[in-house]
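So the chains spell out like this:
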Amino acid sequence: MLDPSISLAFSMQSNRGVYALLLGSGLSRSSRIPTGWEIVLELVRKVARLEGADCEPDPEAWYVERFEKQPDYGELLDAIARTPDERQALLRSYFEPTDDERDDGAKMPTKAHRAIAKLVRGGYVRLIVTTNFDRLTERALEDEGIAPIVVSGPDQLAGLPPFAHLGCCVVKVHGDYLDTRIRNTPTELEAYAPEMNRFLDRVFDEFGMLVCGWSADWDTALRACIERAPSRRYSMYWAARGTLGTSADALLTLRAGHSIPIQGADEFFDDLQSKIESIEDFNTPHPLSAAVAVASVKRFLRDSSHRIRLADLLDSLGRALAAELRDGPFADVHSQVNRESVTQRVRTYDSMTSTLVSVAAACGRWGDASAIRQLRRVLDRIYAVRQNGGLNVWLNYQCYPAALIGYAALLGASLSDNLAAVAKMFENEVRGMNRGTPLAQILPPFCFLQDPEGWGRLLEGMDRRRAPVNNWMEETLFNFIGDEFVSRSEFEDHFDWVEIVLAIACRQSRATTQSRDWFPPATFGYRSAGLESVTARINTSLDELDEHSPYVLSGLFGATTQECREAVVALNQFVPNLRWW
């Protein structure tokens, strides 16, 4: 029988964001943070000391006999620390480390917290439900550059976005240690507010569940949420040291779940995160997969009777990539923006698009108008999975995969003067955008990024580049399809051609609605030799072929030879004005 921890790793890797975590106090055991109930008993001891009484050996029993009610966290704090500042100072002593404790690793995020944060960063986990009051999970997430949405009370649930756009959310069902409303006593744990019940009902119905560090013995209300969940669409896994207790075993049986025996939370989550990374490494597209796809495309292009098979192949590749983008990096548009996070995401995009980049280059070089229209459907499908809400930097970088594929198609067209056919890729406005936008106004980095210099310079090694995203794409495309060119120098010449063609096409597409005096800046802004060589190539074609030139037939520069010449002149006049180069 397959080890359940391996089954869990495969399931989480192939279903990004489908599994939520339910974490209890066992997760923080190695950090030496006391449980909520241990803090309540310590507060009772302080009250007894103030009254000159001895509450041992049973502080709870002493408190009930003395005050004729169960100890209440908020009331105990009020009795011991009268002002908000005094209360916070008292609570911090239980949850926040001193310098000596920090040096000793106490009250700091554990290996388990760190591994969970990496799972969130990878998009495998988006929702964490916890009974813990501490902030170790939040600290670990922040250290990974993730700014989670934190909910510590039912009143905060109303403003949450839909699950599909949630990003990373930590729900502290029993409250936060600085909130006097935290739940500790059996009475407090018997029922939740209606808002929290409704939220948790959806969680246990719509998500798979990985439970760790929670016994289920005392949390009556939380048990009830799991018991009444109607769905079994995704599995429940329960990681626990030793044998599950009666309550936990009953819940696992009810949910037809799987138990995972572990030595501790630190070892378990570290191992889980490692297993998922190994699966990802194994699933990285092998170079041969791209070679096989390209060979199939070339074979289908040779014979028009295979046009349906070509359409099916392109559609299949487009669907697969769109699904990966929708459930992977595209899903997280709220995490912290820094050099590491931007570089990692763009590298992930590069890996995910590698096969389609090679296929697009083949279509651009050898394809007819019909094949190019099928390739355009791939771009539409990719654009359609873009999200609307989130940080602008992530939202705009969602255009990067399609831009990389579009550039590859144009590089192929450059090798065989196939621009007239590839121009079919630019027909109609792009689907899946908030408003209709021509493709020529989306593909250039200086079009799809609002801050192409600033955000682009977050990419590793690009901090001093003039056109950082363009340079990154150039390097990526050379790595993927550089073998199609005689040399790196020849590849660079064709890359300059792509950027100049796109710039002029962008200017033409803006003609009816915006100023015609602007071109999206690119490498041609500082590679003067490239600009001179490409414009000479275009002018030679116009001179020799006139109205039959692919630049005229494409319609990307204008409808006539004269309009195409004017577009080239306008570009040459525009470049010297790029003072910021």
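All of the points below concern the structure found in this document. (Residues numbered from 1 in each chain as written. Predicted model: local features only at pLDDT ≥ 70, side-chain atom pairs only at ≥ 80, totals over all residues. Heavy atoms only, no water.)

A separate point is the environment of Ala89. Relative to the elements of secondary structure, Ala89 occurs in helix α5 (residues 84-95). On the basis of relative accessible area, Ala89 is assigned to the partly exposed category, the value being 48%. In this structure, the C-alpha to C-alpha distance between Ala89 and Gly406, residues 317 residues apart in sequence, is 58 Å. (Helix = DSSP H or I, 4+ residues; strand = E, 2+ residues; numbered from the N terminus. Buried < 20%, exposed > 50% of the residue type's maximum accessible area, 1.4 Å probe, protein only.)

Taken together, the buried positions of helix α7 (residues 111-121) are Ala112, His113, Ala115, Ile116, Ala117, Leu119 and Val120. Positive phi shows up at Gly123, right after α7, with a value of about 85°.

Further remarks concern unusual backbone geometry. Across the junction of Glu56 and Pro57, the peptide omega takes the value 10°, indicating a cis bond. Mapped onto the elements, Pro57 comes out in the loop between α2 (36-50) and α3 (59-67). Even without being glycine, Glu68 reaches a positive phi, approximately 55°. Tracing the sequence through the fold places Glu68 in the loop between α3 and α4 (73-80). Here Asn428, not a glycine, exhibits a phi torsion of approximately 65°, which is positive. Mapped onto the elements of the fold, Asn428 is located in the loop between α19 (419-422) and α20 (445-448).

Another aspect to go through is the side chain of Asp496. When you line up the elements, Asp496 lands in helix α23 (residues 488-509). Apart from residues no more than four positions distant in its own chain, Asp496 is found in contact with Thr523, Arg527, Gly530 and Val534. (Contact = heavy atoms within 4.5 Å.)

In contact at an axis separation of 7 Å, helix α15 (residues 339-366) and helix α18 (residues 400-416) are set at 30° when each is read in the N-to-C sense. Considering the angle they form, α15 stands roughly parallel to α18. α18 is crossed by α15, and the crossing has right-handed handedness. Contacts from Val346, Tyr349, Asp350, Thr353, Leu356, Val357, Ala360, Ala361, Gly364 and Arg365 in α15 reach Tyr400, Pro401, Leu404, Ile405, Ala408, Ala409, Gly412, Ala413, Leu415 and Ser416 in α18. (Axes fitted to C-alpha atoms, helices over the stretch in contact; angles between N-to-C directions. Parallel < 35°, antiparallel > 145°, perpendicular 65-115°, else oblique. Left-handed = near helix turned anticlockwise from the far one by under 90°.)

Next up on the list: the pairing of strand β5 (residues 208-212). Judged by how many residues are buried, β5 sits mostly within the fold: five of five residues are covered. Taking every second residue as pointing to the same face, both faces of β5 are buried, with Gly208, Leu210 and Cys212 on one and Met209 and Val211 on the other. With five bridges connecting them, strand β1 (residues 19-23) and β5 associate as parallel partners. Opposite Tyr19, over in β5, you have Gly208 as the bridge partner. (Pairing = 2+ DSSP bridges.)

This part takes up the packing of aromatic side chains. Across all of its chains, the model carries twelve aromatic pairs by this definition. Between Tyr19 and Tyr237 the ring centres are 6.2 Å apart and the planes differ by 55°, which places this aromatic pair in the tilted class. Of this pair, Tyr19 sits in strand β1 while Tyr237 sits in strand β6 (residues 236-240), and the two are 218 residues apart along the sequence. Comparing Tyr19 with Tyr237 shows no difference in burial state: the two are buried. (Phe/Tyr/Trp six-rings, centres within 6.5 Å; stacked < 30°, edge-to-face > 60°.)

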